[in-house]
Amino acid sequence: MANHSEKIKKLAVYCSGGDAPGMNAGIRSIVRTALSKNIEVVGIRGGYTGFLEKKFDELTRRGMANIIQRGGTILKTGRCLEFLKSEVRVKAAENLKAEKIDALVCIGGDGSFNGAHALFQEHQIPITGIPGTIDNDLMGTDRTIGFDTAVNTALDAIDRIRDTAASHDRLFIIEVMGRDTGSIAGFVGLAGGAEEIFTPEFPLSLDKVIEKIKKSRERGKNSSILITAEGQKPGRAYDLAEQIRKKTQLEAKVCILGHQQRGGSPTAYDRILASRTGSQAVETLLQGRCDLMIGVRGDDLVEVPFADTFKSRKACPKNLLDLAQILSL
Ligand code: F6P
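A quick note: this is a predicted structure, and the numbers were derived from the prediction, not measured.

## Considering the site of the ligand
Right, so step 1: If you check the shell around the ligand, you find Gly18, Arg79, Ile134, Asp135, Met177, Gly178, Arg179, Glu230, His259 and Arg262 and nothing else.
Right, so step 2: The backbone of glycine 178 places a nitrogen or oxygen atom 3.1 Å from an oxygen atom of the ligand.
Right, so step 3: Burial of the ligand by the surrounding chains reaches 80%, relative to a free accessible area of 400 Å².
Right, so step 4: In this structure, the ligand is accommodated by the largest pocket.
Right, so step 5: When its residues are assigned to classes, the shell around the ligand shows two nonpolar, three polar and five charged.

## Quick word on the environment of glutamate 6
Right, so step 1: Looking at where glutamate 6 falls in the secondary structure, it is placed in the segment before β1 (10–15).
Right, so step 2: Judged by its relative accessible area of 61%, glutamate 6 falls in the exposed class.
Right, so step 3: C-alpha separation for the pair glutamate 6 and isoleucine 39, spaced 33 residues apart in sequence, amounts to 9.6 Å.

## Structural notes on the sheet that holds strand β3 (residues 56–58)
Right, so step 1: Here we have seven strands laid out as an open sheet, ordered β3-β2-β1-β4-β5-β10-β11, and mixed in their pairing. Where the open sheet ends on each side, the last strands, each with one partner, are β3 and β11 (300–305). Within this sheet the neighbouring strands show an average axis-to-axis angle of 30 degrees, counted without direction.
Right, so step 2: When strand β2 (residues 40–44) meets β3, the two strands line up antiparallel, connected through three bridges. Directly across from glycine 43, in β3, lies its bridge partner aspartate 57.
Right, so step 3: The strands touched by helix α4 (residues 110–123) are β1, β4 (103–108), β5 (127–131) and β10 (292–297); relative to β5, the strand with the most contacts, the crossing angle is about 170 degrees.

What counts and how
- Residues numbered from 1 in each chain as written.
- Predicted model: local features only at pLDDT ≥ 70, side-chain atom pairs only at ≥ 80, totals over all residues.
- Heavy atoms only, no water.
- Near = heavy atom within 4 Å.
- Polar contact = N/O pair within 3.5 Å; in protein donor to acceptor, adjacent residues only side chain to side chain.
- Areas by Shrake-Rupley, 256 points an atom, 1.4 Å probe, with all protein chains shown as cover.
- 1 Å grid on protein atoms, 1.4 Å probe; cavity = no way out; pocket = protein on both sides within 12 Å on 5 of 7 lines; lining within 4 Å.
- Sits in = over half its atoms within 2 Å of the grid points.
- Nonpolar A, V, L, I, M, F, W, Y, C, P; charged D, E, K, R; others polar.
- Helix = DSSP H or I, 4+ residues; strand = E, 2+ residues; numbered from the N terminus.
- Buried < 20%, exposed > 50% of the residue type's maximum accessible area, 1.4 Å probe, protein only.
- Pairing = 2+ DSSP bridges.
- Axes fitted to C-alpha atoms, helices over the stretch in contact; angles between N-to-C directions.
- Contact = heavy atoms within 4.5 Å.

Next up, the structure:
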């Protein structure tokens, strides 16, 4: 296997897609691991847009102080649809070469890895990645950086809402993030004792849900929490509340947790996951392997080809939704 430690003199790190708590811990780990091997490091600001606008900044060991506990990303991030065009990637590759950047580490989700894969295939710039998204929807890894924090943030809010729901005998519909997948909804639903969990991947019959709520009211349960993933249409909790009101006259209060789930100080789990995968992403490049994401399975780090991370999306585990159903009765 080729050893690239001689070839890689300058490495760049960037974040792409939605931010996720723990990205800063990942940046810190990548930067300090590379510097410990005498590799220069630059940060590319603002995701793929930064490639095109040459937003390259040198990163230092000291510059990584006091960021491990901070949410968001010091490098900023973004979604750059232009990067889907091959001519735009030509420009990006030219800018990287002009800056003498030999290799890259990407922190992001499936769209970000799709771009990284194309850049490697077309321009042979070695790239590895680490999974950064609150959605936990990447194939090949048990967890993504930011998911644990987002789940705990949402759970804290749900516990508070439960106090007031119980005091007023109310029905609440709480909307959490998750455009294409419902892992946040599933995990907080189970952990928060929700009565029903709406996810994009396992649709529920509203009539059956209403039937269940009615029955639980007959049994003396006077307050209920329903969780819904936002799906393709943020605000869908209002649609659900309206449909329930029309069919039952029951008033459902709505609470949309929104972007607060993306912010805040990362949990220990996310900091550790980011630190471990970040460091390994650099080691793997130096050992001559690239075009892959460092993920985690059980306690072990694994290498997953980029191409396997974006060909489908990891769904919320169905058994978790089924268990939540049984336990909420
Ligand atoms: O990063 C993932 C995610 O938070 C999804 O859960 C959510 O649907 C989407 O991003 C929101 O993106 P934006 O902040 O660009 O509206």
